[in-house]
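Spelled out from the first residue to the last, the chains are:
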Amino acid sequence: MRRFSVLLADAMSTQQVDDVTSFRGEDETGGFAILGGHARFMTILSLGLARLRVADGKERYLATSGGVLYFHEDTLKLYARRIFLSDDLDEIRSLLEHQLREEEQQLVS
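Below or above, wherever it landed, is the structure these notes cover. (Residues numbered from 1 in each chain as written. Predicted model: local features only at pLDDT ≥ 70, side-chain atom pairs only at ≥ 80, totals over all residues. Heavy atoms only, no water.)

Thoughts on a nonpolar patch on the surface
Taken together, the side chains of Met42, Ile44, Val68 and Tyr79 make up a nonpolar region of the molecular surface, amounting to roughly 390 Å² of accessible area. Looking at the element boundaries, Met42 is found in strand β4 (residues 41–45). (Patch = residues over 30% accessible without salt bridge, like charges linked within 9 Å, V, L, I, M, F, W, Y side chains within 5 Å. Areas by Shrake-Rupley, 256 points an atom, 1.4 Å probe, with all protein chains shown as cover. Salt bridge = Lys/Arg side-chain N within 4 Å of Asp/Glu carboxyl O. Helix = DSSP H or I, 4+ residues; strand = E, 2+ residues; numbered from the N terminus.)

Put into structure tokens, the structure is as follows:
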């Protein structure tokens, strides 16, 4: 299976994940998947979870505040205000809940 790289960039950091075999996400039209060799593609992701499958078969989860996704020449670039990446779905949920609570507190004050 053809592999590609994923570049994740948010307000806090930039991360790269190599040897990705698939990306599954969601935009306003519904769920979609990207495999290596996909045609040029751009969309606005919905707020929520997405998944990366890497060459060793493991899934990595990412939570985003939405964001712009661009795929070209076997590189997927995702730009969002905040991106959480983990191998553990429960950790992603916890990080996302913590972030939402902090933002709510900031809005109140």
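After that view, the rundown keeps rolling.
With respect to the pairing of strand β9 (residues 83–86)
Burial along β9 is two-sided: the residues Ile83 and Leu85 and Phe84 and Ser86 are all buried. One ladder, built from four bridges, connects strand β6 (residues 59–64) with β9; its direction is antiparallel. Bridge pairing in β9 places Leu62 opposite Leu85. (Buried < 20%, exposed > 50% of the residue type's maximum accessible area, 1.4 Å probe, protein only. Pairing = 2+ DSSP bridges.)

Section: unusual backbone geometry
Phi at Glu73 is positive, roughly 50°, even though this residue is not glycine. Structurally, Glu73 is set in the loop between β7 (67–72) and β8 (75–79).

Quick notes on the pattern of salt bridges
Enumeration according to the criterion identifies seven salt bridges in this entry. When the shortest N-O distance is used, the salt bridge between Glu59 and Arg53 registers 2.6 Å. Taking relative accessible area as the criterion, Arg53 reaches 35% and is therefore assigned partly exposed. Its salt-bridge partner being Asp87, residue Arg60 comes within 2.7 Å of it at the nearest N-O pair. Remark: Asp87 occurs in the loop between β9 and α1 (89–108) and Arg60 occurs in strand β6; sequence separation between them is 27 residues.

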